[in-house]
Amino acid sequence: MSGDGRRAGPPLSRVGSRVSRAAVDFGRFVRTARQAGALVVQPRMGFGGPAEMRAGLTATRNAAATTAGTITLDSYTRVGDLRAVEAALRDGADLNGYPIVSHPDAVTGRVLAGLVGDDFPVQVRHGSANPVDIFRALLRVGLSATEGGPVSYCLPYGRTPLETSVRNWDRACEILCRARESGVEPHLETFGGCMLGQLCPPGLLVAISLLEALFFHRHGLRDLSVSYAQQTNAAQDQEAVLALRRLCAEFLPDTRWHVVIYTYMGMYPASREGAYQLLGQAAELAVATGSERLIVKTEAEASRIPTIAENVAALEYAAGAARRARPILISGDFAEDSQVYAEARTLVEAVLNLHDDMGKALLIAFRRGFLDIPYCVHPDNMGRTRSYIDQRGRLRWGNIGLLPLRDVVDTSYAHALSSAELLRSLSYVRRKFDEGGSADPISAQGVHR
């Protein structure tokens, strides 16, 4: 039994084959936890074997924290290569996640039975630009919470045309709405605040997170979460999350939504001390900004897939850090007119003015360079924007390309990173936390006025 009284379910071999149909409302669980003053912490956990996946969910449920479960899918399922999944299952090869489309529904039902309930929802995480079959599979086993987005699960992950991804996500959102037939409100989380994980200025992350949420909303989804990935400067991150909360209040007034913080998604500290310090700061960011949920990372992130025990240790550490943290005092509209808010709102309004259909608006925005992800090599990304880390560790625009930010961002300079500077920027957070905060940012050399 855990510290909060939860009990483990029986092992997989003793669970019946009936598929779970319990209607568990993910968004309501998070809201209830927030009312109780708890931060929901969640792992990024997925295993190919049903028994190990059940063991991971059981350990997450029984952690000394307020937890949500995760079933993260394997990379073959993500790209729709189900033949490769079948071969791996036949040959007994390891998969780097749970193949929910390929495992029989009765098997997944046994994985979930006795674990999923009002006090422990499970979210399916996948990374797919075509999640139609994934959404059908999760609904068949009684799950109704997942995540992703037409932009955030397309541009960083392959060469699927953005137009194809938007079309796929149109259909996927329609399918997810069917969860209401079982009496539960489906929940969808945008991954848009985590684009490429690093070196994307917060104004653009906030804008994409909100734009994907608006895409979901216009497809009939009414219970959403918006994401933001911890970046290189704690003060700038607070500014960004408060801007995101304010924009959601302004653009999604008739929608239930919450904010999920991702512990840093780039090169993670290699030292145990650095890894936990960074995780602790992510928990502090969540509490300070009133965010409701945190995706944790573990001490093993720099080198390998973490064990179940390492995931539980990270969950409990983050929960402890959250209990010790304090929220900052904010006004009713969540934030002042900060630089991040000004950039994000300008980008959002520019995209919304392109077309009434959100999918078409996103396509036009990327085609015209109104949205342009720094260092993203996808063919549908214009690739003119660049960023750098300034002397305070804040992410700034070095080149805004065709982004409609000329009245918002100081464009009197341009900062072109050399390949060596780019690599050094990518390792900035790792060096900062492994070296006890002594990592130097990229200097202002190469700035042309």
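Just so we're clear, the structure is a prediction, and the values are computed from it rather than from any experiment. (Residues numbered from 1 in each chain as written. Predicted model: local features only at pLDDT ≥ 70, side-chain atom pairs only at ≥ 80, totals over all residues. Heavy atoms only, no water.)

*Asks:* Just give me the short version of the pairing of strand β2 (residues 69-72), but keep the residues and values in it.
*Replies:* The alternating pattern of β2 places G69 and I71 on one face and T70 and T72 on the opposite face, and all of these are buried. As defined by bridge partners, β2 adjoins strand β3 (residues 122-125) across four bridges and the pair is classed as parallel. Opposite T70, over in β3, you have Q123 as the bridge partner. (Buried < 20%, exposed > 50% of the residue type's maximum accessible area, 1.4 Å probe, protein only. Helix = DSSP H or I, 4+ residues; strand = E, 2+ residues; numbered from the N terminus. Pairing = 2+ DSSP bridges.)

*Asks:* Provide a residue-level description of the pairing of strand β5 (residues 187-190), including the pertinent values.
*Replies:* The alternating pattern of β5 places H187 and E189 and L188 and T190 on opposite faces, both of which are buried. By the bridge criterion, four bridges tie strand β4 (residues 145-148) to β5 in an arrangement that is parallel. Its bridge partner lying in β5, G148 is registered against T190. Each parallel crossover has a hand, and for β4 linked through helix α7 (residues 162-176) to β5 it is right-handed. With two bridges connecting them, β5 and strand β6 (residues 223-229) associate as parallel partners. Following the sheet pairing, E189 is matched in β6 by S225. With respect to chirality, the unit in which β5 leads through helix α8 (residues 202-217) into the neighbouring parallel β6 is right-handed. (Right-handed = clockwise from strand over helix to strand, strands pointing away.)

*Asks:* Break down unusual backbone geometry for me, with residues and values.
*Replies:* Among all residues save glycine, negative phi is the norm, and among peptide bonds the norm is trans. The phi dihedral of L199 is positive, around 60°, even though this residue is not glycine. Checked against the element boundaries, L199 lands in the loop between β5 and α8. Residue L199 is classed as buried on the basis of its relative accessible area of 4%. Phi angles above zero are rare outside glycine, and Y375 is one such case at about 65°. Structurally, Y375 is set in the loop between α13 (358-368) and β9 (386-389).

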